[in-house]
Amino acid sequence: MIGDEQPVDPVKNILTFSDFCLDLHDDDGQAYNLLDHISFAVPDGRALGVVGESGCGKSMTSLAAMRLLPPAAHISSGKIMLGDMDITAKSEKEMYEIRGKEMSMIFQEPMTSLNPVLTIGFQIEEMLIRHESNLTKAERRERVIDLLAKVGIPNPEKRLKSYPHEFSGGMRQRTMIAIAIACSPQLLIADEPTTALDVTIQAQVLDLMMRLKQGGSLMLITHNLGVVAEVCEDVAVMYAGQIIESGPVKEVFLHPAHPYTQGLLRAIPMLNTTAKTLESIPGVVPTVQNFPKGCRYAPRCAYAKKECSQERPSRRDLGNGHDVACYLIEEESVTCRETNQFCK
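Quantities reported herein were computed from a predicted structural model and do not represent experimental measurements.

A. Looking closely at the state of the cysteines. Tallying each qualifying case throughout the model produces zero disulfides. In this structure Cys 56 is a free cysteine whose sulfur lies 12 Å from that of Cys 295, the closest cysteine sulfur available. For Cys 301, which is in no disulfide, the shortest distance to another cysteine sulfur is to Cys 326 and amounts to 6.3 Å. Overall, the relative accessible area of 14% leaves Cys 301 in the buried class.

And the structure:
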């Protein structure tokens, strides 16, 4: 009826981690919990950035989503849903049909991901041979040329016969992106896609990814908060295998609630500060064998209380899609305005 509010369709999640736990087993069979009750979602048409220091479990989370885990890793509980499919229940044969077609991954180091003895064109064409067998050889060649042009490789007709060592670092990364998008997957996972590139090439690759993500969803693994602010709509902050804070990028970056998130933001060089030294977070991320009980950030936290080291805090909804796992959330001493210059 005229004047009545129309129902709003719920946002579809392309990827959903639900209470996911992953253990690593050593040579003696001892199990160590690496990913601890991970829960987050990548909505359709949006980009999620997963951030944290090296060793926080970001890359292992992306490998779990692709079911490319090392032999020592074992899923102990929880689910990973790709749309309506529980991929933790899929066989390896079934995953062959899912990887590349439904979701793809851009790996961290293209030089070690590309086969040095196969041409660039053949390595892109392999994806089409696997998932689009109805195409003729001439049609596949045209698709490969089109993909190389789409990711910004000059003279694609000639370059498809080149080998990886004949490409620069930026061109190799563009090739990895071309392979990943060859079959138009609904989810693209990018693991530190700009780490090994210089600043100007980083900007070009990020611009390319921003244009490509408009056709689907993106999960971006990075330690660079500036990249997340540029590319993503949502962010999940990870520390030692735990999601400690998540929400829309603007909400989390302007109103960070967890001391670790605040520490990461304070460590960003600012132009409007008179400080002579950069701030840093004391200590290092513990190894999986030495993860503490309770909040795993507690040993490095300046605001830690007794209960922080006794029991893992539950995640609390702060509104606007923003949630945090911290016992100190109600204390004024850890509010954004008093501790984080990034918010000013």
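B. Geometry of the pairing of strand E6 (residues 103-106). The alternating pattern of E6 places Met 103 and Met 105 and Ser 104 and Ile 106 on opposite faces, both of which are buried. One ladder, built from four bridges, connects E6 with strand E7 (residues 187-191); its direction is parallel. Across the sheet, the residue bridging to Met 105 is Ile 189, located in E7.

C. Seen up close, the nonpolar core. In this structure, Phe 17, Ile 177, Leu 187, Met 219 and Tyr 260 are the most contacted members of the largest nonpolar core, which totals 98 residues. Looking at which element gives the most residues to this core, the answer is helix H7 (residues 169-181), with seven residues. Those residues within four positions of Tyr 260 in sequence are excluded, and the remaining contacts are Gly 52, Glu 53, Cys 56, Val 237, Met 238, Tyr 239, Ile 244, Ile 281 and Tyr 297.

D. Representation of the sheet that holds strand E11 (residues 316-319). The strand order across the open sheet formed by eight strands is E6-E7-E8-E3-E9-E10-E12-E11, and the pairing between neighbours is mixed. Looking at the sheet topology across the chains shown, the edges are occupied by E6 and E11. In this sheet, adjacent strand axes meet at a mean angle of 20° when their direction is disregarded. Inspection of the sheet shows E7 paired to strand E8 (residues 217-222) by five bridges, in the parallel sense. Its bridge partner being in E8, Ala 190 is matched across the sheet by Leu 220. Seen against the sheet, helix H11 (residues 259-266) touches strand E9 (234-239) and strand E10 (242-248) and runs at an angle of roughly 105° to E9.

E. Representation of the sheet that holds strand E2 (residues 31-43). On the basis of which strands lie adjacent, the open sheet formed by four strands has the order E2-E1-E4-E5 and antiparallel pairing. Edge positions in the sheet fall to E2 and strand E5 (85-86), since each has one partner strand and no second. The sheet contact formed by strand E4 (residues 73-82) and E5 spans two bridges and is antiparallel. Residue pairing across strands places Leu 82 opposite Met 85, the latter belonging to E5. Against the sheet, helix H1 (residues 58-66) engages strand E1 (13-25), E2 and E4, with an angle of about 110° to E1.

F. Local environment of the pattern of salt bridges. This structure, assessed with the given rule, holds ten salt bridges. For Asp 36, the salt bridge identified is with Arg 312, shortest N-O distance 3.1 Å. Taken together, the positions of Asp 36 in strand E2 and Arg 312 in the loop between H11 and E11 put the pair 276 residues apart, joining distant regions of the chain. Taking relative accessible area as the criterion, Asp 36 reaches 10% and is therefore assigned buried. For Arg 312, a relative accessible area of 26% corresponds to the partly exposed category. Between Asp 234 and Arg 46 there is a salt bridge whose closest N-O contact spans 2.8 Å. Of this pair, Asp 234 sits in strand E9 while Arg 46 sits in the loop between E2 and strand E3 (47-51), placing them 188 residues apart in sequence.

So, how was this worked out
- Residues numbered from 1 in each chain as written.
- Predicted model: local features only at pLDDT ≥ 70, side-chain atom pairs only at ≥ 80, totals over all residues.
- Heavy atoms only, no water.
- Disulfide = S-S within 2.5 Å.
- Buried < 20%, exposed > 50% of the residue type's maximum accessible area, 1.4 Å probe, protein only.
- Helix = DSSP H or I, 4+ residues; strand = E, 2+ residues; numbered from the N terminus.
- Pairing = 2+ DSSP bridges.
- Core = buried A, V, L, I, M, F, W, Y, C linked by side-chain atoms within 4.5 Å.
- Contact = heavy atoms within 4.5 Å.
- Axes fitted to C-alpha atoms, helices over the stretch in contact; angles between N-to-C directions.
- Salt bridge = Lys/Arg side-chain N within 4 Å of Asp/Glu carboxyl O.

In short, the description is geometric, and any link to function would need to be established separately.
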